[in-house]
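# Structural characterization, general
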Amino acid sequence: MTEIKRPFEIGIYSFVELTPDPATGQMLSPTERMSNLMETIELADQVGLDVFGLGEHHRPDFISSSPVTILAAAAAKTKSIRLSTAVTVLSSDDPVRVFQDFATLDLLSKGRAEIMAGRGSFIESFPLFGYDLNDYNELFTEKLDLLLKLRESEIVTWAGKHRPALFEQGVYPRPHQEKMPVWIAVGGTPESVVRAGKLGLPMALAIIGGMPERFAPLTDLYRASAEEAGHNPTDIQLSINSHGFIGDDSKQAADDYFPSFQMMMNKIGKERGWTGITRQQFEGSRSLRGSDFVGTPDEVIEKILFQHKIFNHQRFLIQLGIGTIPHAKMMRAVELLGTKVAPVVRKEISE
């Protein structure tokens, strides 16, 4: 097998939270929050980061219900950074419309669009768009099949259970890229990992808790599934997606990050029956063998390289800040990721 060497990619993803400042209780207007986000994406491009991803959510504490619209605005303000979702909840969307939207984004960005498709860890979109949660798995399988056929062919004939059939139907526009990337986002379900491997699609694995070593069997399963299906496992790409924050001082970075992180995670945890996170648990999670990347550039570099020895991944995306963090500190974190972390990691991995 001939291994394809790709430069290691580093990027950011965001759910575009609209939450109170944990210290003051004040909350930005949606307009100001969106303006701050655009500045963040512009800076990420300027400091040489590779990817910016936006999550899709349909709830009051996030304002990115239409990521592709935001990414289209970002396309006009950026030059090189790839523009992705993180994720597109494909199960509750129409694959034809998803393809058209991203093909349009790809034209606007001159070939920088990516789709990261997932089943969705939040379920608000299902009742909103009239889908039955009992069809959760079937919807994703069927709609992914159609999306991939749309990517392969301009004229499509297809039939399924959850969408009207297509018979020799043209779908336009076609994207700038010959084959627009479609990533599969997984949260640790082996069936999802096997699906991505069998299809030979790049996979984004979310590690937002626990020790990274325990996820190694999933990445092994991914590559084994790809090889069994006839794909070269060294050709397919793997991304590790995690939470974190970067500052010039380790303790200050943790102090800046933890209050909003705790508030957000405890809120979501209450909805899902999790116990709350303590500062002691958080400190453990930002240690070398924990899941969170919170600290100085050197600490983040060490942790990315440590995980690379485990996963041999080709991309790392960080959800830089969770909840509300002052914009100036967020911009500094982006700057540090692009100017201090990324160059060292790329150099170390390429050697």
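Structural data are supplied above this passage.
Residues numbered from 1 in each chain as written. Predicted model: local features only at pLDDT ≥ 70, side-chain atom pairs only at ≥ 80, totals over all residues. Heavy atoms only, no water.

### Some details on the pattern of salt bridges
Under the defined criterion, the tally for this structure stands at 23 salt bridges. Its salt-bridge partner being Arg346, residue Asp50 comes within 3.0 Å of it at the nearest N-O pair. Here Asp50 is found in the loop between α1 (30–46) and β2 (51–54), whereas its partner Arg346 is found in helix α11 (residues 327–350), with 296 residues between them in sequence. Judged by its relative accessible area of 23%, Arg346 falls in the partly exposed class. Salt-bridge contacts for Glu351 lead to Lys347; the nearest nitrogen and oxygen are separated by 2.7 Å. Classification of Glu351 by relative accessible area gives exposed; the value is 66%. (Salt bridge = Lys/Arg side-chain N within 4 Å of Asp/Glu carboxyl O. Helix = DSSP H or I, 4+ residues; strand = E, 2+ residues; numbered from the N terminus. Buried < 20%, exposed > 50% of the residue type's maximum accessible area, 1.4 Å probe, protein only.)

### Section: the packing of aromatic side chains
Inspection of the entire model under this criterion finds 10 aromatic pairs. For the pair Phe62 and Phe122, a centre-to-centre distance of 6.1 Å together with 75° between the ring planes defines the contact as edge-to-face. With a gap of 60 residues between them, Phe62 in the loop between β2 and α2 (67–75) and Phe122 in the loop between β5 (113–118) and α4 (125–128) connect regions that are remote in the sequence. Phe122 matches Phe62 in its accessibility class, with the two residues each being buried. Ring centres 6.2 Å apart and planes at 15° place the aromatic pair Phe245 and Tyr257 in the stacked group. Here Phe245, found in strand β10 (residues 238–246), pairs with Tyr257, found in helix α8 (residues 250–272); they are 12 residues apart in sequence, far enough to count as distant. Judged by relative accessible area, which is 0%, Tyr257 ranks as buried. (Phe/Tyr/Trp six-rings, centres within 6.5 Å; stacked < 30°, edge-to-face > 60°.)

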